[in-house]
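Report on the structure
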Amino acid sequence: MKTIGHILAKYTAWVLHVLAPLGIWGVFAIAFADSALLGMPVDAIVAYYVYQDHRRLLFYVLMASLGSVIGSIPLYIIGYLGGEKVLRKRISEERFLRIHRSFEEHEFWALMFPAMLPPPLPFKIFVLGAAVFEMRFRDFVAAMFAGRFVRFLVLSWLTLWFGPQIMGVLGTVFRRHIYWGLAAVGLGVLVWLLVWSRKRRWRIR
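A brief structural summary. (Residues numbered from 1 in each chain as written. Predicted model: local features only at pLDDT ≥ 70, side-chain atom pairs only at ≥ 80, totals over all residues. Heavy atoms only, no water.)

1. What about the overall build of the chain?
A count of helices and strands for the chain gives 11 helices and 0 strands. The helix and strand sequence of the chain, counted from the amino end, reads α-α-α-α-α-α-α-α-α-α-α. Looking at the chain residue by residue over its 205 residues, the buried ones come to 37%. Look at the contacts in the chain between residues 6 or more apart in sequence, and 78% of them connect residues 24 or more apart. (Helix = DSSP H or I, 4+ residues; strand = E, 2+ residues; numbered from the N terminus. Buried < 20%, exposed > 50% of the residue type's maximum accessible area, 1.4 Å probe, protein only. Contact = heavy atoms within 4.5 Å.)

Laid out in structure tokens, this is it:
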């Protein structure tokens, strides 16, 4: 585990060096590459940018969310044009049917919740699934953006509160206790939605 952590640290440092000429737009570039290409250390990069320049926190969260959405569009198009075969090859029939059922019952949440979660969750499967199960493009973009926005916003808050080292702690906890992590994220979102809905009702009154 220490060797893997060391490799990831060096990889992240190299990515930061490559992104340096882009300045504040580097967050958008890394989020786009993470969604469109192979997995990139997007969480670590966002945390670094936010920690170094916390006044632009909201800007970095928005750019990372937008980059993730735009980077996922090519995969969505592939899924729409004939991604069912690709999806079936990558997952078991049981999981395929389970994802299909989740999109039929709660389409928006079926994509938003996975979009909120960090690796090792194979999120590209859900992007393919959204297209294969005929999720509207408008709803796809909205769910993707909402999920990524929550993910990067929470990550930024934790980084400012605990420091950038929180990334390693969160990664280890999530890998070892993935179901507890899913439950915690789901509970957090539920609480946030309840608080937000109550505030909205009071404003209407």
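Having seen it, we continue.
2. Observations regarding the nonpolar core
By size, the foremost hydrophobic cluster in this structure holds 28 residues, and its most contacted members are Leu87, Phe103, Leu111 and Phe140. Counting only elements with at least two residues in this core, the list comes to helix H4 (57–82), helix H6 (93–105), helix H7 (107–116), helix H8 (123–132) and helix H9 (137–162). Excluding anything up to four places from it in sequence, phenylalanine 140 contacts Ser72, Tyr76, Leu111, Val127, Ala130 and Met135. Grouped together as the second largest cluster of nonpolar side chains are 18 residues, Ala47, Val50, Phe152 and Leu155 included. (Core = buried A, V, L, I, M, F, W, Y, C linked by side-chain atoms within 4.5 Å.)

3. Concerning a nonpolar patch on the surface
On the surface, a nonpolar cluster with roughly 210 Å² of combined accessible area is contributed by Phe32, Leu66 and Ile70. If you trace the backbone, isoleucine 70 turns up in helix H4. Residue isoleucine 70 is classed as partly exposed on the basis of its relative accessible area of 33%. (Patch = residues over 30% accessible without salt bridge, like charges linked within 9 Å, V, L, I, M, F, W, Y side chains within 5 Å. Areas by Shrake-Rupley, 256 points an atom, 1.4 Å probe, with all protein chains shown as cover. Salt bridge = Lys/Arg side-chain N within 4 Å of Asp/Glu carboxyl O.)

4. Quick notes on the packing of H8 against H9
Relative to each other, H8 and H9 sit at 160 degrees, their axes nearing to 11 Å. Taken together, the axes of H8 and H9 are roughly antiparallel relative to one another. Crossing of H8 against H9: the hand is right-handed. Of H9, the residues touching H8 (which contributes Phe123, Val127 and Ala130) are Phe140, Met144 and Arg148. (Axes fitted to C-alpha atoms, helices over the stretch in contact; angles between N-to-C directions. Parallel < 35°, antiparallel > 145°, perpendicular 65-115°, else oblique. Left-handed = near helix turned anticlockwise from the far one by under 90°.)

5. A closer look at unusual backbone geometry
In this model, glutamate 134 sits at a positive phi of 60 degrees, which is unusual for a non-glycine residue. As for its position among the elements, glutamate 134 is in the loop between H8 and H9. According to the relative accessible area criterion, glutamate 134 is exposed, its value standing at 65%.

6. Focus: the pattern of salt bridges
One pass over the full model with this rule turns up 6 salt bridges. Ionic pairing is found between arginine 88 and glutamate 84, a salt bridge with its closest N-O pair at 3.0 Å. Placement of both arginine 88 and glutamate 84 in helix H5 (residues 84–90) is noted, with a separation of 4 residues, approximately one turn of the helix. Since its relative accessible area comes to 38%, glutamate 84 is described here as partly exposed. Aspartate 139 is paired through a salt bridge with arginine 138; the nearest N and O atoms lie 3.4 Å apart. Exposure remark for arginine 138: the relative accessible area of 57% places this residue in the exposed category. Look at the salt bridges and you will find they share partners, linking Glu84, Arg88 and Glu93 into a network.

7. Considering the packing of H4 against H9
Between H4 and H9, whose axes approach to 8 Å, the crossing angle comes to 140 degrees. Judged by the sense of rotation from one axis to the other, the crossing of H4 with H9 is right-handed. Contacts from Leu57, Leu58, Val61, Leu62, Ala64, Ser65, Leu66, Ser68, Val69, Ser72, Ile73 and Tyr76 in H4 reach Phe137, Phe140, Val141, Met144, Phe145, Arg148, Phe149, Phe152, Leu153, Ser156, Trp157 and Leu160 in H9. By residue class, the composition of the contact of H4 with H9 is 19 nonpolar, 4 polar and 1 charged. (Nonpolar A, V, L, I, M, F, W, Y, C, P; charged D, E, K, R; others polar.)

8. Looking at the packing of aromatic side chains
Two aromatic rings are characterised by how far apart their centres lie and by the angle between their planes. With the rule as written, the count across this model stands at 13 aromatic pairs. For the pair tyrosine 49 and tyrosine 60, a centre-to-centre distance of 5.4 Å together with 70 degrees between the ring planes defines the contact as edge-to-face. Here tyrosine 49, found in helix H3 (residues 42–52), pairs with tyrosine 60, found in helix H4; they are 11 residues apart in sequence, far enough to count as distant. By the burial criterion, tyrosine 49 is buried, and tyrosine 60 matches it. Members of the aromatic cluster, connected to one another through ring pairs, are Trp25, Tyr48, Tyr49, Phe59 and Tyr60. Residue placement shows arginine 88 over the ring face of phenylalanine 96; its charged tip is 3.9 Å from the ring centre. Over the ring of phenylalanine 123 we find arginine 148, and its NZ or CZ is 4.5 Å from the ring centre. (Phe/Tyr/Trp six-rings, centres within 6.5 Å; stacked < 30°, edge-to-face > 60°. Lys NZ or Arg CZ within 6 Å of the ring centre and 35° of its normal.)

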